[in-house]
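So you can see what is in the structure, the chains are spelled out below.
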Protein chains: 2
Amino acid sequence: MIDFPYLAEIVQKTDSKILMLVADGLGGLAQSGTRRSELETARVSNLNRLAQQSAGGLTLPVAPGITPGSGPGHLALFGYDPLKYLIGRGALEAIGIEMELKPGDVAARGNFATVGGGGNLTDRRAGRISSEVAAPLAEKLNKIKVPGIEVAVRHVKDYRFVLRLRGPGLSDDLTETDPQRIGVAPLAVEARLKAAAATKAAKAANAFVEAARAVLQDDAPANAVLLRGWSTAPDLPSFSESYCLNPAAIAAYPMYRGLASIVGMQVLETGEDFAAEVGTLKEHWEKHDFFFLHYKPTDAAGEDGDFDKKKKALEELDEFLPSLIDLKPDVFILAGDHATPSIMASHSWHPVPFMLRSKWTVGEGVDRFSERDLQRGSLGQFEAKHIMSLALAHAGKLLKFGP
Amino acid sequence: MIDFPYLAEIVQKTDSKILMLVADGLGGLAQSGTRRSELETARVSNLNRLAQQSAGGLTLPVAPGITPGSGPGHLALFGYDPLKYLIGRGALEAIGIEMELKPGDVAARGNFATVGGGGNLTDRRAGRISSEVAAPLAEKLNKIKVPGIEVAVRHVKDYRFVLRLRGPGLSDDLTETDPQRIGVAPLAVEARLKAAAATKAAKAANAFVEAARAVLQDDAPANAVLLRGWSTAPDLPSFSESYCLNPAAIAAYPMYRGLASIVGMQVLETGEDFAAEVGTLKEHWEKHDFFFLHYKPTDAAGEDGDFDKKKKALEELDEFLPSLIDLKPDVFILAGDHATPSIMASHSWHPVPFMLRSKWTVGEGVDRFSERDLQRGSLGQFEAKHIMSLALAHAGKLLKFGP
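Residues numbered from 1 in each chain as written. Chains lettered and ligands numbered in written order. Predicted model: local features only at pLDDT ≥ 70, side-chain atom pairs only at ≥ 80, totals over all residues. Heavy atoms only, no water.

Chemist: Help me understand the sheet that holds strand 1 (residues 18-23) of chain B, please; the structure alone is not making it clear to me.
Modeler: Sheet strands associate in pairs through backbone hydrogen bonding, adopting either a parallel or an antiparallel arrangement. Residue and element names in this part refer to chain B. Read across the open sheet, the 8 strands follow the order 9-8-10-1-11-12-2-13; overall the sheet is mixed. Edge positions in the open sheet fall to strand 9 (266-267) and strand 13 (380-383), since each of these has one partner strand only. Bridge analysis of strand 2 (residues 55-60) against strand 13 gives 4 bridges, and the strand direction is parallel. The residue of strand 13 that forms the bridge with G57 is G380. (Pairing = 2+ DSSP bridges. Helix = DSSP H or I, 4+ residues; strand = E, 2+ residues; numbered from the N terminus.)

What follows is the structure in structure tokens.
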């Protein structure tokens with residue numbers, strides 16, 4: 001929707017409120033024995049009742065057969081074409097730990113690694129050292145000085161960290177240092193284009209790597225670093241300005257707060273689980289006209305390959321629904337950023353269950369909120385990037401297009 | 001279809017005939033009590049029988065969530081991408097009263113308005129004066145002379161009129177004079193671009209406004225005018241040449257005759273209701289190979305928010321169908337330019353019921369002509385701009401693409 005060429009001419013501010021609940025990894029797949037998916041197995045009477053009062057369908061996150069990461073999955077839900085608006089790996093890693101990325105900053109995803117006496121890699125992940133070991137090492141790296149460049153390093157988890165280079169005229173058009181195998185030396189960072197900004201950034205990156213080797217020389221197995229996924233902060237049109245909304249994001253996990261913040265949503269402080277998130281939602285209900293509310297356990301259970309746990313995560317979500325509907329959103333949406341079928345124990349490319357409830361959808365529902373039923377929903381299968389158009393239309397926020 | 005890049009290489013003239021019946025605002029929505037739409041409530045046995053012999057589906061007029069006006073809605077049905085071929089509001093208003101617009105003419109939609117002694121607006125619609133009062137005033141405005149410019153004013157309805165400026169080198173890149181509120185003076189027309197053609201047109205427009213104030217000074221409440229929606233005649237590829245068709249349009253309402261004429265269809269004289277239109281169709285059946293036949297009552301009833309009236313409009317349409325099929329069109333199409341659900345009392349963004357009957361579709365139908373049944377039709381949901389491709393293909397007018 002953000003790319004609809006006449007959006008500015010037809011969008012208008014109104015008092016109506018939109019609540020977009022995103023159940024991460026919502027979609028599933030049927031098990032071979034029962035031939036039923038997680039949604040078809042779970043007791044989700046509230047979801048089913050809402051599906052009967054909603055426009056239903058299945059959303060395609062990116063394109064057929066394409067499994068999205070969290071970045072493209074969420075950008076599509078927010079109306080950004082995930083093939084046009086890209087987030088680099090380094091930038092996403094920074095976003096995921098809420099490390100500030102200003103325009104022009106260049107970020108890389110870093111691994112602690114091990115090199116032998118000859119300088120060749122013996123372990124690309126430094127024996128998968130724990131966070132307890134790695135965090136203080138990241139602190140040491142954070143003190144590295146590179147002339148003319150502001151260096152910042154933040155620990156992420158286990159052997160992973162983020163490096164951020166800040167300074168005038170830096171480009172992210174850089175090669176990675178990870179040779180993807182052991183027995184050879186880490187590669188030098190090279191400018192992929194013969195441009196001054198790339199050459200300058202490559203020089204700074206190599207200076208950092210050299211300084212890191214010196215700083216870490218006594219910290220084996222973590223005596224070296226590998227840098228990948230060079231990227232700048234994504235430059236996205238403002239969600240708020242584009243849609244004439246005053247949006248708020250509520251998510252217990254930093255990654256999703258970060259994704260909301262890069263499109264310009266106000267990120268609300270909340271607690272560590274969904275109950276806390278719902279409390280935050282109620283507290284701020286009067287102050288915003290769009291809420292992005294994130295539910296993580298469905299994805300976590302799917303990633304674990306735990307069918308029963310995902311079923312339970314759906315049932316727990318189901319119990320929260322009446323309290324959300326009690327807030328009387330003009331438009332209530334339940335969507336997923338991608339499927340995470342338990343039988344695959346990973347994100348997948350499958351279309352994702354979707355429903356939208358407004359005063360105009362009361363007669364058009366399907367019997368149950370499941371992959372199979374929603375395939376026959378009134379919305380059919382459609383690209384997730386169109387969800388925001390439907391949300392704004394049902395909320396009465398879009399004028400007629402053309403005379 | 002007009003934009004299919006190899007259209008000219010594959011389209012051919014044949015003897016087959018296409019009848020495209022457009023039921024304006026055809027699509028509806030289910031009521032909450034019965035959970036049935038207008039189509040699902042109406043007794044439309046002919047429609048249902050035809051649906052059983054047709055390829056069925058739902059058409060998306062513009063894009064998900066986008067509610068089209070009559071202009072984009074009909075352009076899509078005729079195969080013109082409604083996001084590429086735009087019609088301005090002033091031009092559509094002129095088209096709607098069949099006022100000639102030549103290339104280079106600039107048209108605006110005008111309101112009669114009321115200003116007080118200080119020149120500030122007290123009513124933007126002059127108390128919504130009736131056509132009886134407004135028509136003679138428009139005649140007075142039509143006599144205004146602006147040096148070097150040919151001015152024409154035609155009354156539309158109630159307090160509305162169209163202003164047409166004709167002369168060499170005029171641009172429609174002009175600001176509107178309606179400040180959208182009372183208590184302030186009307187705005188001057190300004191050129192939005194610093195181009196000679198816009199400056200010239202702005203000068204002419206302001207001269208007209210000033211002259212109108214003088215002409216109308218004793219005609220309170222209609223003692224001023226407001227001008228909006230400056231636009232030139234749309235420049236569209238020829239329907240007839242692009243498709244190798246000899247098309248005719250039959251519509252009781254001027255707006256739809258106008259839309260047909262701007263794509264180059266021959267507009268046939270007809271009467272004031274659908275019975276008269278069908279008479280015209282029969283009379284001219286041998287002379288054309290494409291007919292656009294427009295049915296208005298479905299939209300009018302939907303706009304009134306009158307569910308029962310829309311149901312009756314569908315039932316009345318149903319009774320005409322056998323006489324249309326008796327003409328033995330090689331391709332019969334029933335489409336809508338957009339939905340007008342009675343429960344919304346307005347145009348909407350919802351996909352629109354569609355069927356196409358040819359000798360190749362006899363076995364692929366759905367049971368009933370309704371939103372729900374057609375969702376499962378063989379055509380699924382598709383963009384309305386592709387209807388003409390299907391029409392030409394089923395009529396045997398498209399050769400194989402590629403060797």
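Chemist: Can you help me understand the relation of the copies chain B and chain A in this one?
Modeler: Both copies of the chain are placed relative to one another by a rotation about an axis and a shift along it. Of the transformation superimposing chain B on chain A, the axial component is 0.8 Å and the angular component is 121 degrees, with the fit at an RMSD of 0.2 Å. Read as a symmetry element, the transformation amounts to a three-fold axis. Within chain B, R376 of chain B has its C-alpha nearest the rotation axis, a separation of 4.3 Å. Little of the interface of chain B is mirrored in chain A, where only 3% of its interface residues are also at the interface. (Least-squares fit on C-alpha atoms with pLDDT ≥ 70 in both. Contact = heavy atoms within 4.5 Å.)

Chemist: Where do I start with the sheet that holds strand 2 (residues 55-60) of chain A in this structure?
Modeler: Residues and elements named next belong to chain A. An order of 9-8-10-1-11-12-2-13 is seen for the 8 strands of this open sheet, with the pairing classed as mixed. In this open sheet, the two strands that pair with only one neighbour each are strand 9 (266-267) and strand 13 (380-383). Where helix 12 (residues 307-325) meets the sheet, its contacts fall on strand 1 (18-23), strand 10 (290-295), strand 11 (331-335) and strand 12 (352-357), and the angle it forms with strand 1 comes to roughly 175 degrees. (Axes fitted to C-alpha atoms, helices over the stretch in contact; angles between N-to-C directions.)

Chemist: Just to check I follow, could you spell out the pattern of salt bridges for this structure?
Modeler: Pairs can form between side chains of opposite charge once their charged atoms are near each other. Tallied over the entire structure, the rule returns 39 salt bridges over all chains. With a shortest N-O distance of 2.6 Å, K140 of chain B and D219 of chain B are connected by a salt bridge. Of this pair, K140 of chain B sits in helix 6 (residues 131-142) while D219 of chain B sits in the loop between helix 7 (196-215) and strand 7 (224-232), and the two are 79 residues apart along the sequence. What makes K140 of chain B partly exposed here is its relative accessible area of 33%. Overlapping salt bridges bring together E100, D105, E150, R164 and R166 of chain A as one network. (Salt bridge = Lys/Arg side-chain N within 4 Å of Asp/Glu carboxyl O. Buried < 20%, exposed > 50% of the residue type's maximum accessible area, 1.4 Å probe, protein only.)

Chemist: Just to check I follow, could you spell out the environment of K359 of chain B for this structure?
Modeler: Summarising the element assignment, K359 of chain B is placed in the loop between strand 12 (352-357) and helix 13 (371-375). In the structure, K359 of chain B is positioned 219 residues away from K140 of chain B in sequence and 57 Å away in space, judged by C-alpha atoms.

Chemist: Which parts of the structure should I look at to understand the packing of aromatic side chains?
Modeler: Two measures describe an aromatic ring pair: the distance that separates the ring centres and the angle between the ring planes. All names here are of chain A. Under the counting rule described, the total for this entry stands at 28 aromatic pairs over all chains. Pairing F4 with F401 gives two aromatic rings, centres 5.8 Å apart and planes at 80 degrees, and the pair type is edge-to-face. Residue F4 is found in the segment before helix 1 (7-10), and its partner F401 is found in the segment after helix 14 (387-394); the two are separated by 397 residues along the sequence. With relative accessibility at 10%, the residue F4 sits in the buried group. (Phe/Tyr/Trp six-rings, centres within 6.5 Å; stacked < 30°, edge-to-face > 60°.)

Chemist: I tried to follow the packing of helix 3 (residues 45-52) of chain A against helix 12 of chain A on my own but got confused; where do I start?
Modeler: A pair of packed helices is characterised by two quantities: the angle between their axes and the separation of those axes. Residue and element names in this part refer to chain A. Running from amino to carboxyl end, helix 3 crosses helix 12 at an angle of 50 degrees, the nearest separation of the two axes being 7 Å. With respect to their mutual orientation, helix 3 and helix 12 come out oblique. On helix 12, the residues touching S45, N46, L47 and L50 of helix 3 are D318, E319, L321, P322 and I325. When grouped by side-chain class, the residues that make up the contact of helix 3 with helix 12 number 5 nonpolar, 2 polar and 2 charged. (Parallel < 35°, antiparallel > 145°, perpendicular 65-115°, else oblique. Nonpolar A, V, L, I, M, F, W, Y, C, P; charged D, E, K, R; others polar.)

Chemist: What is the right way to read the environment of V362 of chain B from this model?
Modeler: Residues and elements named next belong to chain B. As for its placement among the helices and strands, V362 is situated in the loop between strand 12 and helix 13. By relative accessible area, V362 is classed as exposed at 59%. Among all residues touching V362, those that are not within four sequence positions of it are Q52 and Q53.

Chemist: How do you make sense of the interface of chain B and chain A when you look at a structure like this?
Modeler: A common measure of how large an interface is: the accessible area buried when the components associate. Contacts between the two partners involve 32 residues from chain B, matched on the other side by 25 residues from chain A. When the two sides are added together, the surface that chain B and chain A hide from each other amounts to roughly 2,200 Å², 65% of it contributed by carbon and sulfur. Taken together, the links from chain B to chain A amount to 0 salt bridges. On inspection of chain B and its partner chain A, the count reaches 10 residue pairs in polar contact (both at pLDDT 80 or more). At the level of elements, helix 4 (70-77), helix 5 (89-96) and helix 13 of chain B are the ones that each hand at least two residues to the side of chain B that touches chain A. The element contributing the most residues to the side of chain B that touches chain A is helix 4 of chain B, with 3 residues. (Buried area = accessible area lost by both parts, 1.4 Å probe. Polar contact = N/O pair within 3.5 Å; in protein donor to acceptor, adjacent residues only side chain to side chain.)

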